[in-house]
Amino acid sequence: MDLRAQLQATLGDAYTLERELGGGGMSRVFVAEEAALRRKVVVKVLLPELAAGISAERFRREVLVAASLQQANIVPLHAAGETGGLPYYTMPFVEGESLRARLSEKGALPVAEAVSILRDVAKALAYSHERGIVHRDIKPDNVLLSGGTAVVTDFGIAKAIVASLTEGGADSLTQTGLSLGTPAYMAPEQAAGEEVDHRADLYSLGLLGYEMLTGRHPFASRTSARQMIGAQLGERPTPVHEIRAEVPRALSAVITACLEKDPALRPQSARDRKARLGARIPGTPPWNGFAAYAYAVAGDRASASRILRDLQALHPQPWLTETAIAETQLALGDTSAAFEALDRATAAHEMWTPFLNLNDPMFDIARKSARFAALARRVGLDPNTFTTSVLRKP
């Protein structure tokens with residue numbers, strides 16, 4: 001009896017297997033319909049080579065512990081069992097696509113989209129790490145995109161496998177060539193076979209960010225597992241902003257910090273990374289907004305819109321950038337968005353006023369902008385005192 005028929009016999013009438021999905025890594029993956037609730041679920045069955053070295057009962061108990069993880073960015077585990085000596089577990093079927101599919105289709109993502117995905121993954125990691133669970137296999141294949149949100153699958157599975165290894169199970173795992181994790185996304189200490197903690201996940205998070213922002217893995221030219229592990233252990237990636245100039249340096253610094261070879265030099269918690277990704281990113285200069293404006297008045301709407309999308313992922317921005325965004329939106333004909341940007345500029349201006357030199361000639365240019373003056377008056381500002389734009393028309 002083949003595995004699918006065997007699994008269906010084990011599941012009985014509770015689930016009806018519909019099709020098999022590819023790319024399961026350590027498991028074979030099936031989509032099924034749960035009869036009782038008429039919902040689609042995913043059933044993952046561990047490969048025989050892996051199952052041979054673990055206790056199915058201990059694995060089931062560990063999966064039940066992992067099933068307690070309930071957070072919006074984590075795909076929860078439903079149940080676990082055994083079919084013909086092979087452990088399996090179930091989880092909801094997520095409509096959408098994997099981050100791997102998105103990257104394969106589009107290459108480098110807009111900065112706004114990449115930051116949003118990183119925030120969501122960092123939220124999931126912060127939650128699990130606080131409960132003592134390290135994922136150990138954060139990679140694009142395990143990040144699913146659905147409804148504008150990123151969710152992470154297989155939380156607790158690596159821990160369940162490690163905890164349920166039988167005597168000699170680890171040796172069996174090595175001999176079959178299987179590993180807990182994916183070499184391209186392993187932290188150096190994980191690749192070296194050392195004990196790992198939550199900081200290994202943060203290294204993998206850095207690799208995710210690098211690939212989303214540049215369109216390629218930092219060690220993409222390493223074609224074998226041995227070469228990849230060697231790169232993880234000893235090579236330092238080129239900073240993201242040196243490959244893609246529009247990426248803010250502070251965001252590039254977040255990625256670089258996550259990719260430190262020494263765990264002690266990495267961020268010490270995912271919550272810290274989440275806060276950094278959610279806060280204003282220092283070093284996001286107003287020049288990005290001015291570049292958008294220059295494109296807009298030159299008639300290149302696509303370039304202007306692309307820069308605006310990336311800037312909007314990093315709000316709140318310095319007030320000078322927000323006013324450049326307002327000018328750009330007005331040039332693009334979106335008065336409503338221009339008002340919103342001007343409102344943000346007004347709020348940010350209150351925070352930045354002590355640091356500004358309003359006698360600088362650059363601030364006087366706004367008085368020459370009739371269009372901006374009209375906008376300022378509409379929201380109750382005096383354009384003669386609230387001077388903002390630093391652009392002259394090309």
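The model shown is predicted, which means the values in this text are computed figures rather than measured ones.

## Description of helix α5 (residues 111–129)
Phase 1 of the analysis: The end-to-end C-alpha separation of α5 is 26 Å, in line with the 27 Å expected for 19 residues at 1.5 Å each.
Phase 2 of the analysis: Of all 19 residues making up α5, 16 are buried, and the element is well covered by its neighbours.

## A few points about unusual backbone geometry
Most of the time, phi is negative for any residue but glycine, and the peptide bond is trans.
Phase 1 of the analysis: You will see that arginine 136, though not glycine, has its phi angle at about 75°, which is positive.
Phase 2 of the analysis: Take arginine 136: it is sitting in the loop between α5 and β7 (143–146).
Phase 3 of the analysis: One non-glycine residue, aspartate 154, adopts positive backbone phi at about 65°.
Phase 4 of the analysis: Within the secondary structure layout, aspartate 154 lies in the loop between β8 (149–152) and α6 (157–163).

## Quick notes on the packing of helix α4 (residues 99–106) against helix α9 (residues 198–214)
Phase 1 of the analysis: Running from N to C, α4 and α9 point in directions that differ by 25°, and their axes come no closer than 10 Å. As far as their axial angle goes, α9 and α4 are roughly parallel. The interaxial crossing formed by α4 with α9 has left-handed handedness. Two secondary-structure elements touch here, α4 through Leu99, Arg100 and Leu103 and α9 through Leu208, Glu211 and Met212.
Phase 2 of the analysis: Here the contact of α4 with α9 is built from residues that sort into four nonpolar, no polar and two charged.

## Things to note about the packing of aromatic side chains
Phase 1 of the analysis: Taken as a whole, this structure holds one aromatic pair when the rule is applied.
Phase 2 of the analysis: Relative to tyrosine 89, the ring of phenylalanine 59 has its centre 6.2 Å away and its plane inclined at 55°; by these criteria the two rings are tilted. Taken as a pair, phenylalanine 59 in helix α3 (residues 56–66) and tyrosine 89 in strand β5 (residues 86–92) lie far apart in primary sequence, 30 residues in all. The burial state of phenylalanine 59 is the same as that of tyrosine 89; both residues are buried.
Phase 3 of the analysis: Between the NZ or CZ atom of arginine 131 and the centre of the ring of tyrosine 127, over which it lies, the distance is 3.6 Å.

Conventions used here
Residues numbered from 1 in each chain as written. Predicted model: local features only at pLDDT ≥ 70, side-chain atom pairs only at ≥ 80, totals over all residues. Heavy atoms only, no water. Helix = DSSP H or I, 4+ residues; strand = E, 2+ residues; numbered from the N terminus. Expected span 1.5 Å × (residues − 1). Buried < 20%, exposed > 50% of the residue type's maximum accessible area, 1.4 Å probe, protein only. Axes fitted to C-alpha atoms, helices over the stretch in contact; angles between N-to-C directions. Parallel < 35°, antiparallel > 145°, perpendicular 65-115°, else oblique. Left-handed = near helix turned anticlockwise from the far one by under 90°. Contact = heavy atoms within 4.5 Å. Nonpolar A, V, L, I, M, F, W, Y, C, P; charged D, E, K, R; others polar. Phe/Tyr/Trp six-rings, centres within 6.5 Å; stacked < 30°, edge-to-face > 60°. Lys NZ or Arg CZ within 6 Å of the ring centre and 35° of its normal.

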